[in-house]
Amino acid sequence: MSLPIDSSYRRRKLWLQQAVFALFRVLSYAVVAVLFLILGFILFHGAGVIDWTFLTEAPTDGMTSGGIWPAIVGTFWLMVGSALFAFPVGLISGIYMSEYAPDGRLVAFIRTMTNNLAGIPSIVFGLFGMAFFVNYLSFGDSILAGSLTLGLLALPVVIRTTEDAFRDIAPSYREGSLALGATKAQTIWRVLLPMAMPRVITGLILSLGRVSGETAPILFTCAAYFLPKLPESMFDQCMALPYHLYVVATSGTDIEAQMPIAYGTAFVLIVIVLAMNLLANAVRKHFEKKLKSK
Amino acid sequence: MNKIEAKNVDFYYGSFHALKHISLDIPQNEVVAFIGPSGCGKSTFLRLFNRMNDLIPGTRLTGQISIDGTDIYGRSVDVDLLRRDVGMVFQRPNPFPKSIFENVAYGLRVNGVKDRAFIAQRVEEALKGAALWDEVKDKLKESAYALSGGQQQRLCIARAMAVEPSVLLMDEPASALDPISTAKIEELICDLSGRTTVVIVTHSMQQAARVSNKTAFFYLGEMVEYGETKKIFTNPDQEATQNYITGRFG
Ligand SMILES: Nc1ncnc2c1ncn2[C@@H]1O[C@H](COP(=O)(O)OP(=O)(O)OP(=O)(O)O)[C@@H](O)[C@H]1O
Ligand SMILES: [Mg+2]
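This structure is a prediction, so every number in the text was calculated from the model and none was measured.

Remarks on the overall build of chain A
Summing up its helical and strand segments, chain A has 11 helices and two strands in all. For chain A, whose C-alpha radius of gyration is 25 Å, the value lies well above the compact-globule estimate of 19 Å for 294 residues. Expressed as lengths along the three principal axes of its C-alpha atoms, the size of chain A is roughly 85 × 65 × 40 Å. Relative to its 294 residues, chain A shows a buried fraction of 40%.

Have a look at this one:
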């Protein structure tokens, strides 16, 4: 006996499947193509202006020539500053959320709020940074205020990845450690933290990479339009790549002449972000190898 | 002399009554086996002896469990010290992602031992005691994950023994292992008896018969029968025990 199936059913089913697959393939290729197009466009226009002078000297002639060295240095310090803030604070909050906070409504609420924080437009962070760090704490427009503001922006992701990294560790490791008479703190420090670290570091670097391109948060808190000399302390203002890009592309004496500089700046920014992402991968791999072989 | 005494123990996971009115005494330096069908509460009961169930939220215990005459759920009890004295080996080997040496040294370090020579010596003794030394002595710095499952489990036994517990709890320590590794672990348990109190949960009747002095049979959260292993396996008092050991259910 056979089932009452229309003989064309199988053919139609397979045909539909093929069609849908083809559509998906075209769509995903298109998305990737657009991404590469953007990247290619900027690299194409930017690569031409990149030379030693561009990378190592300050802008000259009303920013129509010269280089972007002060902006590179500024962005570097802002990254370092926000990492120094977001890493310890994010790590500790994440560990607290996963290991210490009692499961319940409060933690669920905090978790939701943390996620919401990640969705707040970055200009709002900039406004807060200005009101709190620059004015209330009197840091002034400074690398410190800018770093803290950018650090806040990076924080939700760091908290989240830390919490997830700790939660995903199998209970058997905790139990194994506690069963030997280790305290909870010892268990976290000696067993869980080394296991969670690759993910935490990866999360940190990725979020720093994202934050390094932010303009709005440093607009009111740190970034200078033009500073001929490099910052000397964390209370100095600094130039920064994303803001510099905005400045040369939109204002100035000779926009036409400035455009190549804008593309060059974008080029450097993209290279930095890509490098951060590669670094994140390398760090993760390194830690994972160490965990396995140590 | 009794090492562990449980009196009228009831245990709940939330509203689920997992252990029902269990009383049992475990004599010092003997090996006691817990047997019974899956889900009858063997692990739950075992994990009460080192307060591992404290980690599970929403659980409740009534009755009393004492070790060396002290109520281990009493207010003044230091749980870390209790767990140092009551070691545990889990069903699945769970070495830390550290070197072989550091795995065994871990218990000493977290309990405040700093003397390097002492640690090195104790690690060696523990690995020898767990019949693992010859296999790993040349690669102590390598990851514990490079070991086979059977070796990992013996490493976990060495890790537990390194802090010299007076009680060793083992929850189906050989269930994930091949016959040769299993035989090695059974040998270890026989070595320990006379020096350490061992409580072992097992699904293998043969294993219980080979390693234990006394056996307790659990069924649906109750302890049905407890006695000399020989008697339990040859002439049990309860029909349920008889049925279980002859494989009529379970
Ligand atoms: N964390 C938990 N939360 C709720 N119920 C649990 C929990 N752990 C165990 N139980 C329940 O308690 C009962 C006893 O479980 P336990 O793990 O002690 O059984 P067991 O005898 O060790 O079984 P097995 O031989 O399969 O390991 C089971 O019904 C189980 O579903
Ligand atoms: Mg069990």
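Details of the site of ligand 1
All names here are of chain B. Taken together, the residues surrounding ligand 1 are Tyr13, Phe16, Ala18, Gly36, Ser38, Gly39, Cys40, Gly41, Lys42, Ser43, Thr44 and Ile56. Of all the secondary structure elements, the ones that give two or more residues to the shell around ligand 1 are strand 2 (16–27) and helix 1 (42–46). When residues of the shell around ligand 1 are assigned to their parent elements, the largest contribution, three residues, is made by helix 1.

A short note on the interface of chain A and chain B
With 20 residues of chain A in contact, the opposing surface of chain B contributes 25 residues. Its residues assigned to classes, the side of chain A that touches chain B shows nine nonpolar, six polar and five charged.

Re the confidence of the model for chain B
On average, residues of chain B score 94 in pLDDT, and 99% of them reach the 70 mark or higher. Across the interface, the model reports ipTM at 0.93; the global pTM reads 0.85.

Some words on the confidence of the model for chain A
Looking at chain A as a whole, the pLDDT averages 88, with 98% of positions reaching at least 70. Looking at the elements of chain A, mean pLDDT is at its lowest for strand 2 (residues 65–66) of chain A, recorded as 79, and at its highest for helix 7 (residues 171–178) of chain A, recorded as 95.

As for the sheet that holds strand 7 (residues 167–171) of chain B
Residues and elements named next belong to chain B. In spatial order, the strands read 6-7-8-3-9-10; together these six strands make up an open sheet with mixed pairing. Looking at the sheet topology across the chains shown, the edges are occupied by strand 6 (86–89) and strand 10 (222–228). The sheet shows a mean angle of 15° between the axes of neighbouring strands, taken without regard to direction. Relative to strand 10, strand 9 (residues 214–219) runs antiparallel, the two sharing six bridges. Counted as the bridge partner of phenylalanine 218 is methionine 223 from strand 10. In the packing of helix 6 (residues 149–161) onto the sheet, the strands contacted are strand 6 and strand 7, and the crossing angle to strand 6 comes to about 175°.

Section: the pairing of strand 1 (residues 2–13) of chain B
All names here are of chain B. Looking at chain direction, strand 1 and strand 2 are connected through eight bridges and run antiparallel. The partner of phenylalanine 11 across the bridge, within strand 2, is leucine 19. Two successive antiparallel strands, strand 1 and strand 2, enclose a turn made up of two residues, where glycine 14 displays a positive phi of approximately 60°. Across eight bridges, strand 1 lies against strand 4 (residues 59–67) in antiparallel orientation. Along strand 4, the bridge assignment pairs alanine 6 with isoleucine 65.

What to know about the sheet that holds strand 5 (residues 70–71) of chain B
In spatial order, the strands read 2-1-4-5 (chain B); together these four strands make up an open sheet with antiparallel pairing. The sheet is open, and its two borders are formed by strand 2 and strand 5 of chain B, each paired with just one other strand.

Definitions and limits used
Residues numbered from 1 in each chain as written. Chains lettered and ligands numbered in written order. Predicted model: local features only at pLDDT ≥ 70, side-chain atom pairs only at ≥ 80, totals over all residues. Helix = DSSP H or I, 4+ residues; strand = E, 2+ residues; numbered from the N terminus. Rg over C-alpha atoms; globule rule 2.2 N^0.38 Å. Buried ≥ 20, exposed ≤ 12 C-beta atoms within 10 Å, placed from the backbone. Near = placed C-beta within 6 Å. Contact = placed C-beta atoms within 7 Å. Nonpolar A, V, L, I, M, F, W, Y, C, P; charged D, E, K, R; others polar. pLDDT = per-residue confidence, 0-100. Pairing = 2+ DSSP bridges. Axes fitted to C-alpha atoms, helices over the stretch in contact; angles between N-to-C directions.

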